[in-house]
Amino acid sequence: MDSTINYLYQNCLPLLEVIIIINAKSNLFLPQVCPMLDNGKSNTYACCSIKQLKSLESSLRLSKVILLRCPSCADNFAHLHCINTCSPNQTQTVEVTKVMNITTFQNTTDTAVVAYKAFISTTFADSAFGSCKNVRIPATGGFAIGTMCGPYGATQCTPQYWYDFQGDSSNGLAPLDIDFKLINEGNTTGLPAGVVPYNGRALKCNETTPTEGEACSCQDCTESCQMIQISPTTSPFTLLGADGYLVVSIILFCLLTFAFLLYLFVACFLRSRRNRKDEEKGRGKGRGKDQNSNDVNQPLIDPAEVTCTDRNSLVKDLSQLFCIPSSFKVLLLSAVVVAVFSAGLKSIELTTDPVELWSATNSRARMEKEFHDTTFDPFFRTNQLILTAPGRKGHQYDSLLFGPTNFSGIISKELIMQLLELQTRIQNIEFWSEDLNRIASLKDVCFAPLNPVNSSLTDCAVNSLPQYFQNTSLTFLHLFSSSPLSFKDITDLGLSCMADYGAPVFPFLAVGGYKDENFTDAEALILTFSLNNYARDNVKFKVAMQWEQEFINMVQEYRNNPNTNFTFAFMAERSLEDEINRTTAEDIPIFMISYAVIFVYIAVALGEYSSLKRILVDSKFLVGLGGILVVGCSVLASMGFYSWIGIPSSLVILQVVPFLVLAVGADNIFIFVLEYQRDVRRAGETREEHIGRILGNVAPSMLLCSLSESVCFFLGGLSTMPAVKSFALYAALAVLMDFVLQMTAFVALLSLDARRQDNNRCELVCCLTVKTQRANKPNEGFLLPLMRKYYAPALLNCYSRIIVMVVFIFMFCASLFLMFHVTVGLDQELAMPKGSYMLDYFQYLYKYFEVGVPVYFVTKKGYNFSTMAGMNGVCSSVGCDEYSLTQKIQYATEFPDQSYLAIPANSWVDDYIDWLNPGSGCCRLYTSGPNIGNFCSASEVKDICKSNCLGILSSRPNVPKFNRFLPDFLGNRPDLQCPKGLNLFFPVFPASRFMAYHTPLTNSQEFTAALLRARELAHNITMGMRQIPGTAPDFERIRLIFYILAFRPSSRVTNVFYEQYLTIVSEGFFTISQCLVPTFVVCCLLLGLDLRSGFLNLITIIMITVDTVGVMTLWGIDYNAVALINLVTAVGISVEFVSHMTRSFALSIKPTHVERAKEATANMGSAVFAGVAMTNLPGILVLALAKAQLIQIFFFRLNLIITLLGMAHGLVFLPVLLSYFGTYFIGSFVCLHQRGVKSFL
């Protein structure tokens, strides 16, 4: 028998004799390797020896490790090789093309086959290939066929290429050269005599195998997938075939306009009818005409009959309360109070962490992040370059394997060698570290996944195209373009295709800007350095920061080199923080200039300027400075108080609160000072009494606004968003303190200034006096006469009022429509100043990266992985549940437009099952020696590990074996003998995470939608896992972590940031509603339960808010937490524009609504215009010069919108609204009640 059996790597020659398998050992071994040839004892024929079977088994082992996830594929793969090697009908399917003489162990000469042709039917080849083409490698997310098709990769692989690779002995796996000929069924042209192409039956991937192997899972076999019906995305709201919000807005506009016109018609009709009845019955007595000869329906009241005290319904004699003779004592007491509050600033805490600012401590994303950070190691720091060569012409390479292949301009040896040179320079960065007290380099801080303890430079995770060649030869660049995840190339050199630190080179980490995996068309090269993410209190954190600064310096120097052939963008982990800090420092002078402009305006605008000779006497420079100091002291007191009690501040508070308090404070200052200037001191009245009487007139209005705003902001402190909550609390106390200081310190300061002015002393130089005396008459300035004589009459004539109402109704309805189309989110580019190198990086990132961020589905305690049901519930290979965790994620990737998932999750359980599978040869036991019975790795070549960890027929471990071999699996380093084993991306206990990849996400809207869809999927998975036997009742939900991996910018954990946009609309509605309620309540209470005035006040503020959001949409301002803070501020500023006017109208004693609206517009409107609008506008306009885009958009644009809309509604719309629907004579009711006119009431 031996004379007819060839040994190692040999086929029967001359292929005439057939061996019957009768040896017991052979009869057991053949079914393991070639079960399709096993026909039972004494009936099984084969043309191979035991040694050949072992050789064949060894050759198939590595492929089986990869393909065993799909038993039918593995069976088909082995099928043909078993036919060629051991089939008794070899002469019909193969033709020997090369033989050679060999010397056997018995010193005899024998003939061996070293090359032959194998003839296969395309029917068998296509079917076998189809069963394997979708089998995945979980660790890489790619397809197994991509590593088994040579240079062609998964996308270009065909059955012919697949078999060509299997028959190429240079691949290190094939024992001899086999030339596979695929012959169409029925085609005999060119076939050697007697040859019949093999046309056996290849199993489909959804079929079971003869050895009872189960059908392949859905992830590896599309035919096994269930028909999944995914719910359609929510369609836009439509009515009558058009945008539903537009239709509703048009209908609302028509209804409101019709209601208003109907009101005018009915009011005119009733007035005419009432006038006719009065004339007929002679009941016109007591009626009169106003100054425009219009009929007056209310009794005429002489203004002289009503004193200033009578006009105030709440304050009887504020002069006695506020007019303290010793102004210096008041100032000293105020300074002491402010100093006590401000002392807390010594312990102020400034929050800059986005997580702390925008995510509540009890939010789902925040808790998931804290759990992740305490369970898994912190994610590594990213330093990256994206390089392009625009304008460089491409070239064509005529490959023997692929034919003519196009290469883009940047995929050239010259440029890649320059990239390698740059990479080497960066890797060799060295610097003196004070923290380590020695010279430090990359190896001290780099992320080294396979050797984290004593890392060398080659252990550091550096991802680039040269890494595919271990940073050496680029001769076989075309191989990377086809199969970037291969273990090694197929040339005689046998070069490794792994990076020098031991990991595969993922194409999206090496090149970018390609389409459909045509890597040679890439437009960009990517170079990434990963560092360990040390805690901030770790000494190496400063070392990492220092290395990143050296990295930035070197890259900037390289970019400025005129000999550089690249155009590129770059970033370091510290870049975002550095750029934000830089722009903050650069924009501080802008804020200072803004405040200076406001101060100059207040100082100039408060002056009387009755005479050129008295200009230095009548100016109000010190009063203006005092007003600014009052605002500053109120802000400092607020910040100090909250620092005392441990509520942190933020940059938003430092930038917004002073502007808000300045708007409120300046308005009150102008109202107070202008009222004082417009009034004449009465005979026998002292200066203090005069100031007290004026204060008694205006203090209720100041109290109305300040109290409304303060309560508004205190209620805003109920927000769950930390940044909004802290801002609201700081603003509330600052507004309240501002009012208190205005009622005390500013009144005392004005009293001192009035004393100086009465003594004709010059401001700043008090020792100088002028002889020109001050005229004892009211000083109305130029604004009050202008508004009284021209503006108010023009605004409030009958035609203008109708136009104003219709225009503002249209504005409200249009803004309501636009509000539903505002963009929600905040793109990280806006945090960068104009001209920042990070803006170029973001542009390159979105343009050239071909993969989205990874997402981790994280399980916590309560799930039992060790049971059969537990394993099947989280895996995706053969035998797993069709709705397992990974399988559901796989289904989601079939609908990337809706799920935002592109690559399914990989599972360590899949790798563990494959690793344990006896066919993989990965998990073996020592059968002799001192370690007998212990784990033996696949790299152990000695013939002392013959026992498998599992039985031959076992496909899953039992619980004891699962727990026994798990540590060996986690500690086993993968290699060519066993590509399974330790994977640092898969921590197992106490929690496990399963990583999938999103589609490319480029803006906050896509990130938010992806988070929402992922949460829906995680909830569905959780509900399914709770039904698996063995799952604990307290099994917690699947947690989600979005990570920005090594190819993404600095903010690594993204779901914490983007979670806010899932609820920010409802959060904003709730917060603003809370702010609106006190404006109505306080207005009603302080106006003597005047519900109508409170309601009109509320309507106007709502319109300002809605119009602000509408203009935001038109001007491209996104709605986010920063915008929400400004909208809360808008409510406060709107109170200033509206409430003063409403109160002035309500207490007016003019005979008609129109006359009262004119009086309020002239008297109070001029003060509001000068105090709020003209105070804010100069400072806001200066902010347009800021470099930071956030300041330009959310402080310049948005505050400009708020101020202009507030001014338009407060000075245009509100007077017209009051002239139609305003309340009746509150002041008259009070006055008549005080005089005992009971009948009128």
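Going by the structure above, here's the rest.
Here the structure is a predicted model, which means the values were calculated and not measured.

J.: Outline the environment of Gly 870, supporting the account with residue identities and numerical values.
T.: Looking at the element boundaries, Gly 870 is found in helix H26 (residues 868-872). Residue classification places Gly 870 among the buried positions, given a relative accessible area of 0%. Along the chain, Gly 870 and Met 1025 lie 155 residues apart, while their C-alpha atoms are 8.7 Å from each other. Residues in contact with Gly 870, not counting those within four places in the same chain, are Tyr 863, Asn 864, Phe 865 and Ile 1028.

J.: Quick rundown of the environment of His 81? Include the residues and the values.
T.: Looking at the secondary structure, you find His 81 in helix H3 (residues 71-86). When its relative accessible area of 10% is taken as the criterion, His 81 is described as buried. A distance of 2.7 Å separates the side chain of His 81 from the side chain of Gln 166, its partner in a polar contact.

J.: Describe in detail the sheet that holds strand E26 (residues 935-936), supporting the description with residues and values.
T.: With antiparallel pairing, the 3 strands of this open sheet are ordered in space as E26-E25-E27. The sheet terminates laterally at E26 and strand E27 (947-948), the two strands that pair on one side only. The sheet contact formed by strand E25 (residues 924-925) and E26 spans 2 bridges and is antiparallel. Within the sheet, the bridge partner assigned to Leu 925 lies in E26 and is Phe 935.

J.: Outline helix H22 (residues 722-758), listing residues and values.
T.: Between its first and last C-alpha atoms H22 spans 51 Å; for 37 residues at 1.5 Å apiece the expected length is 54 Å, and the two agree. Where H22 bends most, the angle comes to about 40°, and this point is Gln 742. Among the 37 residues of H22, 29 are classified as buried, and the element is accordingly described as predominantly covered. Downstream of H22 by one or two residues, Asn 760 has phi in the positive range, about 60°.

J.: If you had to explain the packing of helix H29 (residues 908-916) against helix H30 (residues 959-971) to someone new, which residues and values would you point to?
T.: Where H29 meets H30, the closest approach of the two axes is 11 Å, and the angle between their N-to-C directions is 100°. With respect to H30, the axis of H29 lies roughly perpendicular. Each of Trp 908, Asp 911, Tyr 912, Trp 915 and Leu 916 in H29 lies in contact with H30, whose residues at this interface are Lys 961, Phe 962, Phe 965, Leu 966, Asp 968 and Phe 969. Considering only residue class, the contact of H29 with H30 consists of 8 nonpolar, no polar and 3 charged.

J.: Tell me about the state of the cysteines, and please be specific about residues and values.
T.: For the structure on display, the rule yields 11 disulfides. Residue Cys 205 pairs covalently with Cys 221 via a disulfide, S to S 2.0 Å. Between Cys 205 and Cys 221 the disulfide shows an S-S torsion of about 60°. By sign, it is right-handed. In this pair, Cys 205 sits in the loop between strand E7 (177-183) and strand E8 (238-239) while Cys 221 sits in the loop between E7 and E8, placing the two residues 16 residues apart along the sequence. Like Cys 205, the residue Cys 221 is buried in the burial classification. In this model, Cys 923 is linked to Cys 949 through a disulfide, with the two sulfur atoms separated by 1.9 Å. The disulfide joining Cys 923 to Cys 949 has a torsion of about -85° about its S-S bond and is therefore left-handed. Here Cys 923, found in the loop between H29 and E25, pairs with Cys 949, found in the loop between E27 and H30; they are 26 residues apart in sequence, far enough to count as distant.

What counts, and where the lines are drawn
Residues numbered from 1 in each chain as written. Predicted model: local features only at pLDDT ≥ 70, side-chain atom pairs only at ≥ 80, totals over all residues. Heavy atoms only, no water. Helix = DSSP H or I, 4+ residues; strand = E, 2+ residues; numbered from the N terminus. Buried < 20%, exposed > 50% of the residue type's maximum accessible area, 1.4 Å probe, protein only. Contact = heavy atoms within 4.5 Å. Polar contact = N/O pair within 3.5 Å; in protein donor to acceptor, adjacent residues only side chain to side chain. Pairing = 2+ DSSP bridges. Expected span 1.5 Å × (residues − 1). Bend = angle between axes of the 7 residues up to and from the residue. Axes fitted to C-alpha atoms, helices over the stretch in contact; angles between N-to-C directions. Parallel < 35°, antiparallel > 145°, perpendicular 65-115°, else oblique. Nonpolar A, V, L, I, M, F, W, Y, C, P; charged D, E, K, R; others polar. Disulfide = S-S within 2.5 Å.

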